[in-house]
Amino acid sequence: MSVLPPLSDKLTDGQTEIIGVKMLQMLCENGIGGMNNVPGFALTATITTSSTKAMAGAPTKFLVEYDVNYSVINTVTGEVYATAVQKISGAGSSEEQASNEAIRLIASNNDIAKMLRTASNRIISWFNDNLSTFKAQVSKAEANNDYALALALLQSVPQQASSAFSYAESRRADIETKLMRQIANSELVAMKQAIIDSNNKPSTEVYAHFSLIPPSSPYYKEATAALTKYEKDVETKRASENAQLQANLEADRKQQMELAKMETSRIMAKYTAQASEQAIRLHLSQNSAGGGFWKNLGARIIGAIDGTNWQYRVKDKPYTEDL
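Bear in mind that the values here come from a model prediction, so they are computed numbers and not experimental data.

## Points about the packing of helix 6 (residues 162-198) against helix 7 (residues 204-211)
Move 1: For the pair helix 6 and helix 7, the least separation of the axes is 8 Å and the interaxial angle reads 160°. Relative to helix 7, helix 6 is oriented roughly antiparallel. Crossing of helix 6 over helix 7 shows left-handed handedness. Contacts from Met 180, Glu 187, Ala 190, Met 191, Ala 194 and Ile 195 of helix 6 reach helix 7 at Glu 205, Val 206, His 209, Phe 210 and Ser 211.

Quick look at the structure:
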């Protein structure tokens, strides 16, 4: 699921970001993938102030009480799959400090766990009951050359929806290749900049960008030449600084390649998240004719992807594992 933190004039940007991180932690603690690149489903929250009090005594203390309303929504249909309410409160020498203390208490509980189980089952049922619709969504994105959105859709299928998951796995490699061909030029530019920024030192980012330029791309030859020169420059610099380190270059390169795999996932997630955000805005705008809560929902979804790229793991399990 993607995450939509609450929007409130009474919250600072920092507080909103903290709540978003805590919501992602809720997902992961309940065995659900928490990463903002899922265009179809989102965990949302609204926060309302139930009371703000200045307590008697010196120095003055403030007490803030909030109601946090969570919902899991199908952003395509506008359906609400499950809800839960959490009451939190905090005290401090100022209203902001009291608010910070309250937000610190946000965490998964039995009601939230039940909500997420219910929503997860409904999401799995949606994929099982709407396989043809899902395939049509992927095909439409592919026909529009929106490979990032197509990949985001494929990545959103839980393993428990076996038919949809099998279809998604059968299409993933092809869509990833098409997306990499589409972004190859941008990744070549980014790779060259990463080489400059590396100052002739080993860089995970260089290898990550290079790995996103497929051999079938017209930019691959130029990228390979740039990488070869970069590695020679790295070797030369290291040799000049310490001849003994030269023998470790190949081992370091392998290590950088392994780290680059994680960096590659982060970069790909940015593309899919951007596509997901556009899709969610479109879906929700079509379901927001009545205004109200839905009116600004699209504008708020996954707004912090570039700033944080939230990604968490449950123990040693990948974030993609569902219930």
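From this point on, the discussion continues.
## Remarks on unusual backbone geometry
Move 1: For Asn 199, which is not a glycine, the phi torsion comes out positive at approximately 55°.
Move 2: Turning to its location among the elements, Asn 199 is positioned in the loop between helix 6 and helix 7.
Move 3: For Asn 199, a relative accessible area of 46% corresponds to the partly exposed category.
Move 4: If you check the backbone angles, Asn 200 has positive phi at about 60° while not being a glycine.
Move 5: Within the element layout of this structure, Asn 200 appears in the loop between helix 6 and helix 7.
Move 6: On the accessibility criterion, Asn 200 (28% relative accessible area) is partly exposed.

## Details of the pairing of strand 3 (residues 61-74)
For a regular strand, side chains alternate in direction, first toward one face of the sheet and then toward the other.
Move 1: For strand 3, a buried count of 10 out of 14 residues is recorded, marking the element as mostly surrounded by other parts of the structure.
Move 2: Pairing geometry for strand 2 (residues 41-55) and strand 3, over 14 bridges, is antiparallel. Within the sheet, the bridge partner assigned to Phe 41 lies in strand 3 and is Asn 74.
Move 3: Counting the residues that bridge the hairpin from strand 2 to strand 3 gives five residues, and of these Gly 57 lies at a positive phi of roughly 120°.
Move 4: Taken together, the 12 bridges between strand 3 and strand 4 (residues 80-92) define a ladder with antiparallel strand orientation. Paired with Val 72 across the strands is Ala 82, a residue of strand 4.
Move 5: Linking two consecutive strands that pair antiparallel, namely strand 3 and strand 4, is a turn of five residues; a positive phi of about 85° is found at Gly 78 within it.

How each quantity is defined
- Residues numbered from 1 in each chain as written.
- Predicted model: local features only at pLDDT ≥ 70, side-chain atom pairs only at ≥ 80, totals over all residues.
- Heavy atoms only, no water.
- Axes fitted to C-alpha atoms, helices over the stretch in contact; angles between N-to-C directions.
- Helix = DSSP H or I, 4+ residues; strand = E, 2+ residues; numbered from the N terminus.
- Parallel < 35°, antiparallel > 145°, perpendicular 65-115°, else oblique.
- Left-handed = near helix turned anticlockwise from the far one by under 90°.
- Contact = heavy atoms within 4.5 Å.
- Buried < 20%, exposed > 50% of the residue type's maximum accessible area, 1.4 Å probe, protein only.
- Pairing = 2+ DSSP bridges.

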